[in-house]
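One letter stands for each residue in the lines below.
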Amino acid sequence: MHKTASPPKIVIVGGGAGGLELATRLGRKLGKTNQAKITLIDPSRIHLWKPLLHEVVAGSLDTGMEALSYRAHSAENHYYFRLGKMDALDKEKRQIRLAPLVDHHGKQILKPRHIDYDILVMALGAHSNDFGIEGVSEYCFKLDDAQEAEDFHLSFLNRFLQFSETAHSGEVVSIAIVGAGATGVELSAELYNAVDRLEQFGVENIHHKSLEVTLIEAAPRILPALEEDLACKAQKTLEELGVNIQLNKNVKQVTPYTLHTADGDIHADLLVWAAGIKAPEFLSHLALPVNRINQIEIDDSLLVKGEDNIYAIGDCAFLKPEEATRPVPPTAQAAHQMAKHCAQNITRQITGKPLKQFKYCDHGALVSLSRFQTLGSLLDQLLHKHWVIEGKLAHWAYASLYRQHQLAVHGYWKTLWILVESLIERRIKPKLKLY
Ligand SMILES: Cc1cc2nc3c(=O)[nH]c(=O)nc-3n(C[C@H](O)[C@H](O)[C@H](O)COP(=O)(O)OP(=O)(O)OC[C@H]3O[C@@H](n4cnc5c(N)ncnc54)[C@H](O)[C@@H]3O)c2cc1C
């Protein structure tokens, strides 16, 4: 690393599950004592932990309550925040470029800007992969950020409003979801929870059977990250709720309200795409090593292969440790562990110590089917054992992943107050966001 007279400039691109945690840790450790200047960059003014997005869609969660303002958080945690979207990298000059900032009418607010770095961390996540299938981006909702989840939520409410005013007997509100991984499965259950709430609110003509969710999967089973018997249990619960699960079906094309498969067309009022991920396309033009889904290849110190001052963490990074059979998965659990390790390695780097090897610790996988069921398995790496858990214990373990994120970004006291606030909110507010 170059020696600089002023404190080293650490730039983190992307304030998601990994990047926000990293900025917070470095801010508290190095920013506070002026050992480094930490800057976090994100195109959004607010952070919402991504695994909550399906709850935003269904209205079980209010973005306004859970979202964190980067600006306020940065001031409390000794880092700087810049609003913007990275679109280029100049490794020679040690600069990144932020695209022109435009408002929602397309009017330019800021011209392109250049930001200098001594250490750069790429933490800009991934988005849904349309596999180049025609019509996906035009006609399907995706759950890539809070805005998209809010848009889908409004369309969901509007469709039910139409239905309640004009429904004829035998009609249903139909939603087709492509991809039966955790996102598709959790969303299916959450939508039935939402419709039950609408019924409880006395919205005319609406009851559980007013909703028909079809879950389409190319693989022979749902939830590939879970053991087969657990996936079967989840499938049974979904089918009891009314979800129509169609396996071994490949979507070839999407047109308005229709998914075209080799076995026929599937029509629905709302279409959702939740099948796989890929990292942003521009990453493949930065002269950094990337895999076929644009993830940046890193070594086990979390440095980008061949670079000594660029790290990558979370969903946009590809790491396959030599001894492992599979790469580190694109999950919040992995992003959290990488953020923690990256903070340690950057601190070591700027104090001239050797970097440490990252070891991913798989704690298992959990799936929440809204209030209907939570199940999964926990892994104990020390005892080499795994436990299948269900019900309240599984629900608690599932919720603890978010609490872990809150603890990392807010600290103990604030997390405690947030918890108390949300318990009060739950008592006094409706259980469904209706706007
Ligand atoms: C609906 C849903 C449910 C999920 N459920 C779970 C779960 O139960 N358990 C689990 O472990 N994982 C879950 N995941 C996966 C988990 O959310 C991700 O693995 C995790 O958020 C990855 O963290 P990250 O920091 O790499 O990226 P993200 O959290 O996606 O953050 C990326 C950030 O980068 C910013 N960004 C993007 N492009 C740019 C750019 N060009 N310049 C600057 N900033 C940029 C984005 O605005 C965003 O803030 C779920 C995902 C979804 C969508």
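Residues numbered from 1 in each chain as written. Predicted model: local features only at pLDDT ≥ 70, side-chain atom pairs only at ≥ 80, totals over all residues. Heavy atoms only, no water.

Asks: Give a description of the packing of aromatic side chains that names residues and reports values.
Replies: By the definition in use, this model includes 5 aromatic pairs. Seen from their ring centres, Trp49 and Tyr402 are 5.1 Å apart, and the 25° between their planes marks the pair as stacked. One end of the pair, Trp49, is in the loop between β3 (46–47) and α2 (53–58); the other, Tyr402, is in helix α10 (residues 391–428), and 353 residues separate them in sequence. The class for Trp49 is buried, based on a relative accessible area of 7%. Judged by relative accessible area, which is 11%, Tyr402 ranks as buried. Taking the centre distance of 4.7 Å and the plane angle of 15° together, the rings of Phe141 and Phe152 count as stacked. (Phe/Tyr/Trp six-rings, centres within 6.5 Å; stacked < 30°, edge-to-face > 60°. Helix = DSSP H or I, 4+ residues; strand = E, 2+ residues; numbered from the N terminus. Buried < 20%, exposed > 50% of the residue type's maximum accessible area, 1.4 Å probe, protein only.)

Asks: Could you give an account of the nonpolar core, naming the residues involved and the relevant values?
Replies: Among the nonpolar cores identified, the biggest contains 56 residues, and Ile12, Ile96 and Met122 are the most heavily contacted of them. With residues up to four places along the chain from it excluded, the contact list for Ile96 reads Val11, Val13, Ile41, Met86, Ala88, Leu89, Arg113, His114, Ile115, Tyr117 and Leu120. The next biggest cluster of nonpolar side chains, apart from the first, holds 51 residues, and it includes Trp49, Ala180, Tyr192 and Ala194. (Core = buried A, V, L, I, M, F, W, Y, C linked by side-chain atoms within 4.5 Å. Contact = heavy atoms within 4.5 Å.)

Asks: Describe in detail the site of the ligand, supporting the description with residues and values.
Replies: The immediate surroundings of the ligand are formed by 31 residues, with Gly18, Asp42, Met86, Asp315 and Ala332 found nearest. Here an oxygen atom of the ligand and a backbone polar atom of Ala17 are 3.1 Å apart. Taking Asp315, its main chain carries an N or O atom lying 2.8 Å from an oxygen atom of the ligand. Coverage of the ligand by the protein amounts to 86% of the 1,000 Å² it exposes when considered alone. (Near = heavy atom within 4 Å. Polar contact = N/O pair within 3.5 Å; in protein donor to acceptor, adjacent residues only side chain to side chain. Areas by Shrake-Rupley, 256 points an atom, 1.4 Å probe, with all protein chains shown as cover.)

Asks: I'd like to hear about helix α4 (residues 70–77), residue by residue, with values.
Replies: Residues of α4 that are buried include every one of Tyr70, His73, Ser74 and Asn77, and no others. All buried residues of α4 lie within an arc of 100° about the axis, which places them on one face of the element. Turned more than 90 degrees from where α4 packs its buried face, Arg71 and Ala75 sit exposed. Considering only its buried residues, α4 is in contact with α1 (17–31), β2 (37–42), β3, β4 (68–69), β5 (80–83) and α10. A positive backbone phi angle near 65° is found at His78, which sits one or two residues after α4. (Arc of directions from axis to C-beta.)

Asks: Which residues make up the sheet that holds strand β23 (residues 310–312), and what are the values?
Replies: Read across the sheet, 5 strands follow the order β5-β2-β1-β11-β23 without closing on themselves; strand pairing throughout is parallel. Each having just a single partner strand, β5 and β23 make up the two edges of the open sheet. Pairwise comparison of adjacent strand axes, ignoring direction, gives a mean angle of 20° for this sheet. Two strands pair when backbone bridges link them, and strand β1 (residues 9–13) and β2 are joined in this way by 5 bridges, in the parallel orientation. (Pairing = 2+ DSSP bridges. Axes fitted to C-alpha atoms, helices over the stretch in contact; angles between N-to-C directions.)

Asks: Please set out unusual backbone geometry residue by residue, giving values where relevant.
Replies: Leaving glycine out, the prevailing phi sign among residues is negative, and the prevailing peptide bond configuration is trans. A positive phi is found at Arg94, a non-glycine position, where the angle reads about 55°. Position of Arg94 among the secondary structure elements: in the loop between β6 (86–90) and β7 (95–98). A relative accessible area of 14% places Arg94 in the buried class. Phi at Asn205 takes a positive value of approximately 65°, unusual for a residue other than glycine. Along the chain, the position of Asn205 falls in the loop between α7 (182–200) and β15 (211–216).

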